[in-house]
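Geometric and topological summary
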Amino acid sequence: QQALASAGIQEYVHSPSLAQHQISVNSDVPAGNSTLGHEYFAESLTFRGERFDCLTLLEQADQAKPRPSVRLGASTGPRIGLVGFNTESGIGACNRDIARHLGVSDWLIVPHPHFPPSLAPAGVTVHRCDGRHDSESLRRFASDLDALVFVETEFIGQQTMIARSCGAKSICIPMLEWLPLGGWTKEVDAFLCPTAHTHAQVVREHPARARLFPWPVDTQRFSFRRRTTCHRFLFINGHGGHSRRKGGDVVREAVRICGQAPILVYDQTGAAWPRSCQVLGEAASAEQLYGEGDVLLLPARFNGIGLEQLEAMACGIPVIATDFAPM
């Protein structure tokens, strides 16, 4: 400790500490000579280093660096970049809505391991990368932006750290079921929570950075038709979701119990369905999903937002859903 102090170096302790000071009380070394005032034979939980987060040093150094001024576009405001999938999936649909309506200037499209990319909205400059480890493409992408927006998770390793090194803020739209409590989330500048349920959870861990931003529906994309009688149910299984998230097994059991209930099923898994179900594959567009059917079945086990229930209601379709947030 004396050698460090003579060199003008402060002492910091790993948090949580990996060792204890094991100096005998009869030692010639005076008690409490640690520059943090640690006592020998003290439990590690009493070390002041336990209450010190070295990440604050990085934040202080980052604030001390000259920051580039906000780069304004020709007529709007800060340049916003989007990072993530552009596929026929929940995240892909969220990303396309963001690209259409949030004033996104650039989109770094990350390849999905299974699904092909869709068309990106007009007016957005598309960039592509080679995958999760293509940090160089992300660095080039972020260098001309003021903020990076992404849904659910980091799509490229150390995404938020790279964005910060380029002078860009990181804005995450969290999906509660996949959001870790530590790691990259500590580096995010703001969380835009799409449901009240998500916000109530995230604000506990990140009180100063969580904002409730209820997910909107682009009603101009959907045709509204009031349903007064249910001639046929609608179930959108898609790819089935992780851990049977969509609840296709629940729908099959309902058919077994209730008999020949007419159900229109959009399913991309190739699974077998009861004869009373009319099974279609992939829909050409989200608008097509709600053209037929009078009541949407949504026995989901969990959901980030639940786009299908919002879009169905925007089309005039009532929803029967699981009695749990956010449904």
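Residues numbered from 1 in each chain as written. Predicted model: local features only at pLDDT ≥ 70, side-chain atom pairs only at ≥ 80, totals over all residues. Heavy atoms only, no water.

What follows deals with the sheet that holds strand 10 (residues 277-280). Strand order in the open sheet formed by 5 strands is 10-9-8-11-12, with parallel pairing between adjacent strands. Sheet topology places strand 10 and strand 12 (319-321) at the edges, where each strand pairs with a single neighbour. Put simply, the sheet's adjacent strands are angled 25° from each other on average, direction ignored. In terms of strand pairing, strand 11 (residues 295-298) meets strand 12 through 3 bridges, oriented parallel. Bridging from a neighbouring strand, Leu298 pairs with Ala321 of strand 12. Seen against the sheet, helix 7 (residues 248-258) touches strand 8 (233-238), strand 9 (263-267), strand 10 and strand 11 and runs at an angle of roughly 145° to strand 8. Helix-sheet contacts for helix 9 (residues 307-314) involve strand 8, strand 11 and strand 12, and the interaxial angle to strand 11 is about 170°. (Pairing = 2+ DSSP bridges. Helix = DSSP H or I, 4+ residues; strand = E, 2+ residues; numbered from the N terminus. Axes fitted to C-alpha atoms, helices over the stretch in contact; angles between N-to-C directions. Contact = heavy atoms within 4.5 Å.)

Right, let's get into the environment of Arg256. Take Arg256: it is sitting in helix 7. C-alpha of Arg256 to C-alpha of Pro274: the two residues are 18 residues apart in sequence and 8.2 Å apart in space. At a separation of 2.6 Å, a polar atom in the side chain of Arg256 contacts the side chain of Glu253. (Polar contact = N/O pair within 3.5 Å; in protein donor to acceptor, adjacent residues only side chain to side chain.)

Bringing helix 4 (residues 135-142) into the picture now. All of the buried residues along helix 4 are Ser137, Leu138, Phe141 and Ala142. Looking down the long axis of helix 4, one finds its buried residues gathered within 125° of arc, a one-sided arrangement. (Buried < 20%, exposed > 50% of the residue type's maximum accessible area, 1.4 Å probe, protein only. Arc of directions from axis to C-beta.)

Assignment of secondary structure puts Asn303 in the loop between strand 11 and helix 9. For Asn303, a relative accessible area of 9% puts it in the buried group. A polar contact is formed between the side chain of Asn303 and the side chain of Arg245, at a distance of 2.6 Å.

Turning our eyes to something else, we now look at the sheet that holds strand 3 (residues 125-128). Paired through their backbone hydrogen bonds, the strands of a sheet run either parallel or antiparallel. Taken together, 7 strands build an open sheet; the order of strands is 3-2-1-4-5-6-7 and the sheet is parallel. On the outer flanks of this sheet lie strand 3 and strand 7 (210-212), each paired with one strand and no other. Pairs of neighbouring strands in the sheet enclose a mean axial angle of 25°, with direction left out of account. As defined by bridge partners, strand 6 (residues 190-193) adjoins strand 7 across 3 bridges and the pair is classed as parallel. In the strand pairing of strand 7, Phe191 is matched with Ala210. Packed on one face of the sheet, helix 6 (residues 196-205) meets strand 6 and strand 7 and runs near 160° to strand 7.

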